[in-house]
Amino acid sequence: MIPMAVMMKSMTGFGRAQFENETVKITCEIKSLNGKYLEADIRLPRIFADLDSSIRRMLSELLERGTLTVTYQIKWLKPSSENQEIVINFDAAQNYLNALKSLSKELGVELQDPMREILKLPDLIGMGEREISSETKQHIIDVTKLAALELDKFRQSEGQATSQKLLELLDSIDSDLFVVEGYEGNRREAIRERVYGNVLEHISQDAIDQNRLEQEILIYLDKFDIAEEKQRLGQHIDFFRQCLKSEPKGRKLNFISQEMGREMNTMGVKSNFFPMQQAVVGMKEKLEQIKEQVLNIV
């Protein structure tokens, strides 16, 4: 049975929370996608702009990384629950009335229902800034935190599935590495025969110094030895597994996967034996899947 990773978190997810009392109903939704750092698009109404920095700081502590979209729906259940001043532009109204009177006098036309005309004036009556209580602001912060915690739970659930997939891919790479090791004897023999064949094409059998030729073949084989690459790749795989169990951080796992790729590339070049190269290609294919999964880990 494959052991499960500890507390792995995906960067993608969704969280939603709601608060309601007798005066206001607040709904917060947070969507998260991949991101190198924490980037939050907080879509608060303008009257709550002063909460932006507090919410941003809280999200960075809870969610670490990801591209977040934070949206709100705020519905006032009682219009008088938060005082909002009605603003009237008296100066504009008076000036407009004076202008209407002058026009009426100049044209000799009776001015009828001047109030009706004044009310047509744009921006004559408007709503002032709503006075928001500190209690309402705290409710907004609290409901945002609840949505973030729901998102975090979603991320953990997705992360467990990702963890399982990564461990399966690592096991498969281990199997490919075992295949590569199984071809080692055949590879050495194939290289030896190829070298002998090339020599015999140019030098007669009687003229060959067998001892010297054996030495040269050993030197040639040593240049294509992949024992160190196999050992290091195995160590990287073990380290990857350890990190999954103890501290599954996307950045660290990404660095380890890059090191695994370097060893695979060297093995593919140095193996110089088609069946082994096929196995290395299989490793690379699985490593690319690992890299894709790692990009989505917090």
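Residues numbered from 1 in each chain as written. Predicted model: local features only at pLDDT ≥ 70, side-chain atom pairs only at ≥ 80, totals over all residues. Heavy atoms only, no water.

A. Layout of the nonpolar core. Core analysis: the largest hydrophobic core is formed by 28 residues, its most contacted members being Phe-240, Leu-253, Met-260 and Ile-290. Put simply, the parts of the chain that give this core at least two residues each are α4 (134-182), α7 (227-246), α8 (250-271) and α9 (274-294). Core analysis: the next-biggest nonpolar cluster, separate from the first, contains 24 residues, Ile-42, Leu-59, Leu-63 and Leu-151 among them. (Core = buried A, V, L, I, M, F, W, Y, C linked by side-chain atoms within 4.5 Å. Buried < 20%, exposed > 50% of the residue type's maximum accessible area, 1.4 Å probe, protein only. Helix = DSSP H or I, 4+ residues; strand = E, 2+ residues; numbered from the N terminus.)

B. Structural context of the packing of α7 against α8. Here α7 crosses α8 at 160°, and the two axes come no closer than 9 Å. Relative to α8, α7 is oriented roughly antiparallel. When the axes of α7 and α8 are compared, the crossing they make is left-handed. Counting all contacts with α7, which are made through Glu-229, Lys-230, Arg-232, Leu-233, His-236, Ile-237, Phe-239, Phe-240, Cys-243 and Leu-244, the residues of α8 involved are Lys-252, Leu-253, Ile-256, Ser-257, Glu-259, Met-260, Glu-263, Met-264, Thr-266, Met-267 and Lys-270. (Axes fitted to C-alpha atoms, helices over the stretch in contact; angles between N-to-C directions. Parallel < 35°, antiparallel > 145°, perpendicular 65-115°, else oblique. Left-handed = near helix turned anticlockwise from the far one by under 90°. Contact = heavy atoms within 4.5 Å.)

C. Highlighting the sheet that holds strand β3 (residues 38-43). The four strands are arranged β1-β2-β4-β3 in an open sheet whose pairing can be described as mixed. If you trace the sheet from one side to the other, it starts and ends with β1 (13-20) and β3, each paired once. Each strand of the sheet is rotated relative to its neighbour by a mean of 15°, with strand direction disregarded. Looking at chain direction, β1 and strand β2 (residues 24-33) are connected through eight bridges and run antiparallel. Paired with Glu-20 across the strands is Lys-25, a residue of β2. The sheet strands contacting helix α1 (residues 52-63) are β2, β3 and β4 (66-76), and the helix crosses β3 at an angle near 140°. Running over the sheet, α4 touches β1, β2 and β4 and is turned about 150° from β1. (Pairing = 2+ DSSP bridges.)

D. Representation of the layout of surface pockets in the model. Its boundaries defined by the atoms lining it, the largest pocket holds a volume of some 200 Å³. For the largest pocket, the full set of lining residues is Met-11, Gly-35, Lys-36, Arg-65, Gly-250, Arg-251, Asn-254, Phe-255, Val-294 and Leu-295. Element by element, the count of residues in the lining of the largest pocket is highest for α8, at four residues. (1 Å grid on protein atoms, 1.4 Å probe; cavity = no way out; pocket = protein on both sides within 12 Å on 5 of 7 lines; lining within 4 Å. Points joined across faces, edges and corners; volume = space filled by probe spheres on them.)

E. Spatial organisation of unusual backbone geometry. Although it is not a glycine, Glu-64 sits at a positive phi angle of roughly 65°. Along the polypeptide, Glu-64 turns up in the loop between α1 and β4. What makes Glu-64 partly exposed here is its relative accessible area of 36%. The backbone phi angle of Asp-113 is positive, close to 50°, even though this residue is not glycine.

F. Representation of the confidence of the model for the protein in the model. Chain-level statistics for the protein give a pLDDT mean of 85 and a share of 85% at 70 or above. pLDDT under 50 marks residues 1-5. Its contacts with residues more than four places away, or in other chains, come to 13 contacts. (pLDDT = per-residue confidence, 0-100.)

G. Inspection of the packing of α8 against α9 at higher detail. Their axes nearest at 10 Å, the elements α8 and α9 cross at an angle of 165°. Viewed along their axes, α8 and α9 adopt a mutual orientation that is roughly antiparallel. Helix-helix and strand crossings are classified by hand; for α8 and α9 the assignment is left-handed. Contacts from Gly-250, Leu-253, Asn-254, Ser-257, Met-260, Gly-261, Met-264, Asn-265, Met-267, Gly-268 and Ser-271 in α8 reach Met-276, Gln-277, Val-280, Met-283, Lys-284, Leu-287, Ile-290, Lys-291 and Val-294 in α9. Classifying every residue of the contact of α8 with α9 gives 10 nonpolar, eight polar and two charged. (Nonpolar A, V, L, I, M, F, W, Y, C, P; charged D, E, K, R; others polar.)

H. Representation of the pattern of salt bridges. Applying the stated criterion to the full structure yields 19 salt bridges. Close ionic contact of Arg-16 with Glu-29 constitutes a salt bridge, the shortest N to O distance being 3.0 Å. Note that Arg-16 is positioned in strand β1 and Glu-29 in strand β2, a separation of 13 residues in sequence. On the basis of relative accessible area, Arg-16 is assigned to the partly exposed category, the value being 42%. Of the charged contacts in the structure, one is a salt bridge between Asp-171 and Arg-241, with a shortest N-O distance of 2.7 Å. Of this pair, Asp-171 sits in helix α4 while Arg-241 sits in helix α7, placing them 70 residues apart in sequence. Here Asp-171 falls in the partly exposed class, since its relative accessible area comes to 31%. Linked by salt bridges that have partners in common, Glu-228, Glu-229, Arg-232, Glu-263 and Lys-270 make up one network. (Salt bridge = Lys/Arg side-chain N within 4 Å of Asp/Glu carboxyl O.)

I. Region of the structure containing the pairing of β2. Pairing geometry for β2 and β4, over 10 bridges, is antiparallel. Residue Ser-32 lies in a different strand from β4, and its bridge partner there is Leu-68.

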